[in-house]
Amino acid sequence: MSWVPLEIDTVVACRGVDPDLFFPQTPEGVRVAKERCAACSLIYECLAWGLHHEEYGIWGGTTGRDRKRMRRAAGIKLRTPQVALPIERHHHPAA
Ligand code: SF4
């Protein structure tokens, strides 16, 4: 993730993981992805990015639905236009 300077002890918990894990189709899949994010050093930075830029996938331990609620509560608008899911996957930190 080039948008966050990495410290030597930074753990990016999705690095090298199949990006599909962060686009889960089941509640169990959501749980597994969120568990990984919970162990990640970048969870807050990733959540901030996801809140402002990502409609789909797990970012910073949140689902798209979680972030939609958070955006509504905080008055945040997505800064990027909606794009196709495969393109979103390409940009996920796990990719
Ligand atoms: S999606 Fe974000 S918070 Fe979750 S493991 Fe990857 S970089 Fe960390």
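Just so it is clear, the structure is predicted and the values come from calculations on it, not from any experiment. (Residues numbered from 1 in each chain as written. Predicted model: local features only at pLDDT ≥ 70, side-chain atom pairs only at ≥ 80, totals over all residues.)

Draft legend 1. Focus on the overall build of the chain. In terms of regular secondary structure, the chain is built from four helices and zero strands. In sequence order, the chain lays out its α and β elements as α-α-α-α. Here the chain holds 95 residues, and 22% of them are scored as buried. Restricting to contacts in the chain with at least 6 residues of sequence separation, those with at least 24 account for 60%. (Helix = DSSP H or I, 4+ residues; strand = E, 2+ residues; numbered from the N terminus. Buried ≥ 20, exposed ≤ 12 C-beta atoms within 10 Å, placed from the backbone. Contact = placed C-beta atoms within 7 Å.)

Draft legend 2. Molecular detail of the nonpolar core. Membership of the largest hydrophobic core is limited to 10 residues, which are Ala13, Cys14, Phe22, Ala33, Cys37, Leu42, Cys46, Ile58, Trp59 and Ala94. The contacts of Ala33, once residues within four sequence positions are left out, are Leu21, Phe22, Pro24 and Ile58. (Core = buried A, V, L, I, M, F, W, Y, C linked by C-beta atoms within 7 Å.)

Draft legend 3. Just helix H2 (residues 43-53), in detail. Turning to H2, its buried residues are Cys46, Gly50 and Leu51. Seen along its axis, H2 keeps its buried residues to an arc of 135 degrees; they face one direction. Against helix H3 (64-74) lie the buried residues of H2. (Arc of directions from axis to C-beta.)

Draft legend 4. Looking closely at the site of the ligand. Around the ligand, 16 residues are found, and the nearest of them are Ala13, Cys14, Cys37, Cys40 and Cys46. For the shell around the ligand, the secondary-structure elements that each account for two or more residues are helix H1 (27-38) and H2. Class assignment for the residues of the shell around the ligand results in 13 nonpolar, two polar and one charged. (Near = placed C-beta within 6 Å. Nonpolar A, V, L, I, M, F, W, Y, C, P; charged D, E, K, R; others polar.)

Draft legend 5. Structural view of the environment of Ala38. Position of Ala38 among the secondary structure elements: in helix H1. Look at Ala38 and you get exposed, because 10 C-beta atoms sit within 10 Å. Separated by 25 residues in the primary sequence, Ala38 and Ala13 place their C-alpha atoms 8.5 Å from one another.

Draft legend 6. Layout of the environment of Val32. Along the chain, Val32 falls in helix H1. Sequence spacing of Val32 and Phe22 is 10 residues, and the spatial spacing of their C-alpha atoms is 8.9 Å.

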